Amino acid sequence: MTGSNRNAYVVGSGPNGLAAAITLAQAGFQIEVLEAEAIPGGAARTMALTLPGFLHDFGSAVHPLGAGSPFFSSLPLADFGLQWIHSPAPLAHPFDDGTAVVLERDLTEAASALGEDGRAWRKMVQPFVEHWTEFAPDVLSPMPSIPKHPWLMSRFGFSAPASARTIAHRFHNQRTQALFAGMAAHSFLGLDQPITGSFGLMMAIPAHVVGWPIPRGGSQSLTSALIGYLEKHGGTVKTSSRVDNLDSLSDRDLILCDVTPRQLLNIGRNCFSRAYARQLQEYRYGPGAFKVDYALSAPIPWKAHECTRAATVHVGGSFDEIFASEKAASEGRHAERPFIILAQPSLFDETRAPAGKHTAWAYCHVPNGSTVDMLTRIEAQIERFAPGFHDCVLARRVFAPADLEHMDSNLVGGDIQGGVFDIRNFLFRPTWRHYRTATVGSNRQRIYICSASTPPGGGVHGMCGHHAARTALRDWRI
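Calculation rules
Residues numbered from 1 in each chain as written. Predicted model: local features only at pLDDT ≥ 70, side-chain atom pairs only at ≥ 80, totals over all residues. Heavy atoms only, no water. Axes fitted to C-alpha atoms, helices over the stretch in contact; angles between N-to-C directions. Helix = DSSP H or I, 4+ residues; strand = E, 2+ residues; numbered from the N terminus. Parallel < 35°, antiparallel > 145°, perpendicular 65-115°, else oblique. Left-handed = near helix turned anticlockwise from the far one by under 90°. Contact = heavy atoms within 4.5 Å. Buried < 20%, exposed > 50% of the residue type's maximum accessible area, 1.4 Å probe, protein only. Pairing = 2+ DSSP bridges. Disulfide = S-S within 2.5 Å. Core = buried A, V, L, I, M, F, W, Y, C linked by side-chain atoms within 4.5 Å. Salt bridge = Lys/Arg side-chain N within 4 Å of Asp/Glu carboxyl O. Right-handed = clockwise from strand over helix to strand, strands pointing away. Expected span 1.5 Å × (residues − 1).

Caption draft 1: Main features of the packing of helix α1 (residues 15-26) against helix α11 (residues 220-232). Between α1 and α11, whose axes approach to 10 Å, the crossing angle comes to 20°. Between α1 and α11, the crossing angle belongs to the class labelled roughly parallel. α11 is crossed by α1, and the crossing has left-handed handedness. Counted together, L18, A21, I22, A25 and Q26 of α1 and T223, L226, I227, Y229 and L230 of α11 form the full contact between these two elements.

Caption draft 2: Expanded view of the pairing of strand β14 (residues 358-366). With nine of nine residues buried, β14 is to be regarded as a mostly interior element. Of the strand pairs in this sheet, strand β11 (residues 288-296) and β14 are connected by nine bridges, and their pairing is antiparallel. If you follow K291 over to β14, its bridge partner there is Y363. Judged from the four bridges that link them, strand β13 (residues 340-343) and β14 form a sheet pairing that is antiparallel. Bridge pairing in β14 places L342 opposite A362.

Caption draft 3: Inspection of the state of the cysteines at higher detail. Considering all chains together, one arrives at zero disulfides under this definition. Not engaged in a disulfide, the cysteine C271 finds its nearest cysteine sulfur in C257; these two sulfurs lie 8.9 Å apart. A disulfide-free cysteine, C450 has its sulfur positioned 7.0 Å from the sulfur of C257, the nearest such atom. Classification of C450 as buried rests on a relative accessible area of 0%.

Caption draft 4: Focus on the nonpolar core. Counting 101 residues, the largest nonpolar core has W121, F135, F180, M183 and L256 as its most contacted members. If sequence neighbours within four positions are ignored, F180 has contacts with W121, M124, A164, I167, A168, F171, G197, G200 and L201. Judged by nonpolar contacts, the second largest core, of 31 residues, contains A89, V102, Y294 and V315.

Caption draft 5: Focus on the sheet that holds β11. A sheet is described by the order of its strands in space; here seven strands give the open sequence β7-β6-β12-β13-β14-β11-β15, paired in mixed fashion. What marks the edges here is a single partner per strand, and that holds for β7 (100-103) and β15 (393-399). The mean inter-strand angle of the sheet, taken between neighbouring strand axes irrespective of direction, is 20°. Strand direction decides the pairing type here: strand β12 (residues 310-315) and β13, joined by four bridges, are antiparallel.

Caption draft 6: Representation of the pattern of salt bridges. In total, this model carries 18 salt bridges according to the counting rule given. Between D475 and R436 there is a salt bridge; the shortest N-O distance is 2.9 Å. With D475 in helix α19 (residues 463-475) and R436 in the loop between α18 (423-427) and β16 (447-449), the pair connects residues that are 39 residues apart, well separated along the chain.

Caption draft 7: Region of the structure containing the pairing of strand β2 (residues 30-34). Of all five residues making up β2, four are buried, and the element is well covered by its neighbours. Pairing between strand β1 (residues 7-11) and β2: five bridges, direction parallel. Among the inter-strand pairings, N7 is bridged to a residue of β2, identified as Q30. In this region the chain leaves β1, passes through α1 and returns to the parallel neighbour β2; the handedness of that crossover is right-handed. Across three bridges, the pairing between β2 and strand β9 (residues 236-238) is parallel. Counted as the bridge partner of L34 is K238 from β9.

Caption draft 8: Structural view of the sheet that holds β2. Pairing is parallel across the open sheet formed by five strands, whose spatial order is β9-β2-β1-β10-β16. The open sheet has two edge strands, β9 and β16, and neither has a second partner. For this sheet, the mean angle separating the axes of adjacent strands, direction not counted, is 20°. As judged from the three bridges shared by strand β10 (residues 254-257) and β16, these two strands associate in the parallel manner.

Caption draft 9: Just α19, in detail. Between its terminal C-alpha atoms α19 stretches 18 Å, which fits the 18 Å expected from 13 residues at 1.5 Å a residue. By the criterion of burial, α19 is predominantly enclosed, with 11 of the 13 residues buried. All of the buried residues along α19 are M463, C464, G465, H466, H467, A468, A469, T471, A472, L473 and D475. Residues of α19 that are buried make contact with α1, α3 (70-73), β10 and β16. Following α19 by one or two positions, R477 adopts a phi angle in the positive range, close to 55°.

Here it is as structure tokens:
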């Protein structure tokens, strides 16, 4: 059987949906992507959210795994307009004394800058940095699976189950401990939880391989490049085309859904077995995000000038402060001093704002579905490390968890990870079937899920969609 006489729908045009569509199109399928919103891209959209001329990334802004993705890297996306911009350093982390620790892209320079912890840092990441092209496909595959490079994965597996607190204690300097805590906090979990150390590692390793780049013009440029490549292979993307019932898509052989379990259950209705529907209903979402986009009259006035070298700044102070912040969100509480992930793309990409003006993007973690206004706490944290920040704000756009979900229905309760990332969801995401669903009647072996709620989980890398499409192709023996 070949794909040349087969066709498929992909529901959702986020990076995973587009990756699934491209993988099927490469196999000869005729593809139509159906997107509910007027602008494609899901969380990878760029819009004028504050003032005219200021371009803001709605969701993802900085893309270490986008640039390092085994699937995206296999595509000639530069031919379709994608240009990665690298700030001089991937990441900065300021402290109250007016200094900052900076993670350098070059591993030798990073080890030197980290002083007494340089040797431990190098030991932690060097094998994976040097063998990224072998390591990345294995670590971004479903777990458990048989790795193609067992030595690398066994070495990674030695540290991956550990908590971020356990790994941070390998370092002597509190500044290095805080640096690692900030990276591990991307997990949305308490930093004493198992596997949070792996999140820190998966942020640190690509920093020394591909950096933490931003796309020129915003994340929409990545979406546009993926769509351009898909269209070259005969696929189409239809926006403002919300799917309310999968039964309406009965005219195609395959349906791949870039949606979370809650949306899949809503649109699948009677397509699934009772047991599978119950599993979708019981799927667990993680903490949410409270996000603010800023139009600024000037760059953020960091006390530590080193922060101007990085497109990403982790605002949170010491390891203990970050630990307390993430513990609160994971336990349903709101931190008084929240840990903040901040992006300042206009320092390095002049297309984001009018001449002399700037944009910034910041969010903290809150309980899923939180209705607490965190704006004052976020701005107090930024002002703590950048006195005078308030005076630079021309306009702001605030997104509480409900606002994020309104803009993208996959962001349930503000969860930008597609589900809580504890051990259970790590192994069985969203169920033990991974991308396959348990369908009944005429839908049998037709419907797959390909969102961030499937392995390897959240992040702009497209690997969830790519693996889902490959699973479908194997099932169809194509």
